[in-house]
Structures are given as C-alpha cells and as structure tokens.
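# Summary of structural features
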Amino acid sequence: AWFYQKDLAYKAAILLQEYGGCTKGANIKIKKVIPSGAGMGGGSSNAATVLIILNHLWETGLTTNELLKLGAQLGADVPFFIRGQNSLVEGIGEIITPIEIPQLYFVIVKPDFHAPTKDVFTALEFDSEQYNAENISSEQLITEKNNDLEVAVRKLYPQINDVFSELNQYGKAVMTGSGSSIYLSFTDKNLAKDVANILSPRYNTFLAASLAVSPVACD
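All of the points below concern the structure found in this document. (Residues numbered from 1 in each chain as written. Predicted model: local features only at pLDDT ≥ 70, side-chain atom pairs only at ≥ 80, totals over all residues. Heavy atoms only, no water.)

## Quick notes on the side chain of Thr176
- The residue Thr176 is located in the loop between strand E4 (174-175) and strand E5 (182-186) in this model.
- Given a relative accessible area of 9%, Thr176 falls into the buried group.
- Within the structure, the side chain of Thr176 is placed 2.7 Å from the backbone oxygen of Ala38, a separation counted as a polar contact.
- Those residues in contact with Thr176 that lie beyond four places of it in its chain are Ala38, Gly39, Met40, Asn147, Ser181 and Tyr183. (Helix = DSSP H or I, 4+ residues; strand = E, 2+ residues; numbered from the N terminus. Buried < 20%, exposed > 50% of the residue type's maximum accessible area, 1.4 Å probe, protein only. Polar contact = N/O pair within 3.5 Å; in protein donor to acceptor, adjacent residues only side chain to side chain. Contact = heavy atoms within 4.5 Å.)

## Examining the packing of helix H2 (residues 8-20) against helix H4 (residues 64-74)
- The contact between H2 and H4 brings their axes to 10 Å, and the two run at 135 degrees. With respect to H4, the element H2 is oriented oblique. Handedness of the crossing formed by H2 with H4: right-handed. Of the residues in H4, those in contact with Leu8, Lys11, Ala12, Leu15, Leu16 and Tyr19 of H2 are Glu66, Leu70, Gln73 and Leu74. (Axes fitted to C-alpha atoms, helices over the stretch in contact; angles between N-to-C directions. Parallel < 35°, antiparallel > 145°, perpendicular 65-115°, else oblique. Left-handed = near helix turned anticlockwise from the far one by under 90°.)

## Focus on helix H3 (residues 42-57)
- Under the 1.5 Å per step criterion, the end-to-end length of H3 is 22 Å for 16 residues, consistent within 8% with the ideal 22 Å.
- Within the span of H3, buried status applies to Gly42, Ser44, Ser45, Ala47, Ala48, Val50, Leu51, Ile52, Leu54 and Asn55.
- Elements that come into contact with the buried residues of H3 comprise H2, H4 and helix H5 (78-83).
- Positive phi appears at Glu59, one or two residues downstream of H3, with a value of about 55 degrees. (Expected span 1.5 Å × (residues − 1).)

Following this line, the structure appears as structure tokens:
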C-alpha cells in the first residue's frame, strides 16, 4: 500500500475524489514505458491522464481550469500534460502558452543511473540576473535546445560526459528535463532510425516522434 500511496497516479485519483466529493473508485493499472528518473515526465503525465479520464468516468464535471489547479498541487509538470499540447511553460508551470513545433523524431538514450530531481536542483548554481525570459523567444527554445540543468548533472554524474561525447557525433545532444536521459532531434525519420540502431547495442535507446496534441488533452 505504501508504494501506491507514493505514486502520482494514486495521489491524483485521491485528490480528485476529495475535491469533487466523489465516492466512486477505480482500478488503475500502469504499463510503464517511460523509465523512472529519466527526466521525461512519466509520473506527471500519468497523473494528468488520471485526472482527465477519471473526471470523465466519475462525472465529477470539473472544468479544465479546475483540473489545471489540481494538477499544479501534484507537480509543476502536471498542468502541461493536462493541456496536452506543445507549449511554452513559464512561472512554476502555471503559465502555458501553446506553440507550433515542426514534426521531429527523437533518439533518446537513458544512461544506467538515475538523476534525482532534488539533487540536481540542489547542485545547480543559478544566477537569475543572467536570465531574462522576455528576451528569449519560443523559436530560440526550439532551435537552440539548451538545458541549464545539464551542468549540474554533469557535475554530479561525470560518467554522463562520455554519453554526450558519443551522441554529439550525430547532432546536438541535449539532456531531458532534470536528466538523466539525453536526446538527439531529427527531421528525417529514417536518419533517426539509423542512429538509434547504431546506439542501441550499447545504450538503453528509444525512438520517438513529436506529438502536436495528446489523445486525452483538455481543450
């Protein structure tokens, strides 16, 4: 029972029950495809999906804004997944602006270690005066693909530098979220497949495609 109570999907269901005054239950099974500690929002997307689907099945009638507020109580990434579309996210996850992203294909490598989010942010040396979000366009974020948390993860886990060195042979390698996964972006699907085939014998490798809108997104 302790494990389930720690899981974000479980917490999302309980939160919706309490907020919506619902006495109905649910049997939730998760087939985990997105690895834990990968910086790819697996737990957050599960929580968002639970809120959206159970709001429908339980007929609690919550609006999208109410779901977004509940999601924010579970984690900063959850509201983004409730919206379920490519967006520029600011603040602490509550300011969500939809943006257009071209069709891309990703080769994702998951190193054999976890990067706990708390440890990464603790190790981050961040000078807020160096950054001005108003001077950064969404186009820059899409094309430049920089991750400020990368420095902290490289310091905590120097073994990740070898992965970066190898992946940089095929493009610009960038870390996902707070790590520890690293990805390459391609506009050519076949090229992405070729690179994934090269890397897969040595690394836990995933091939993925960008998605404009989630199948369960709130409009």
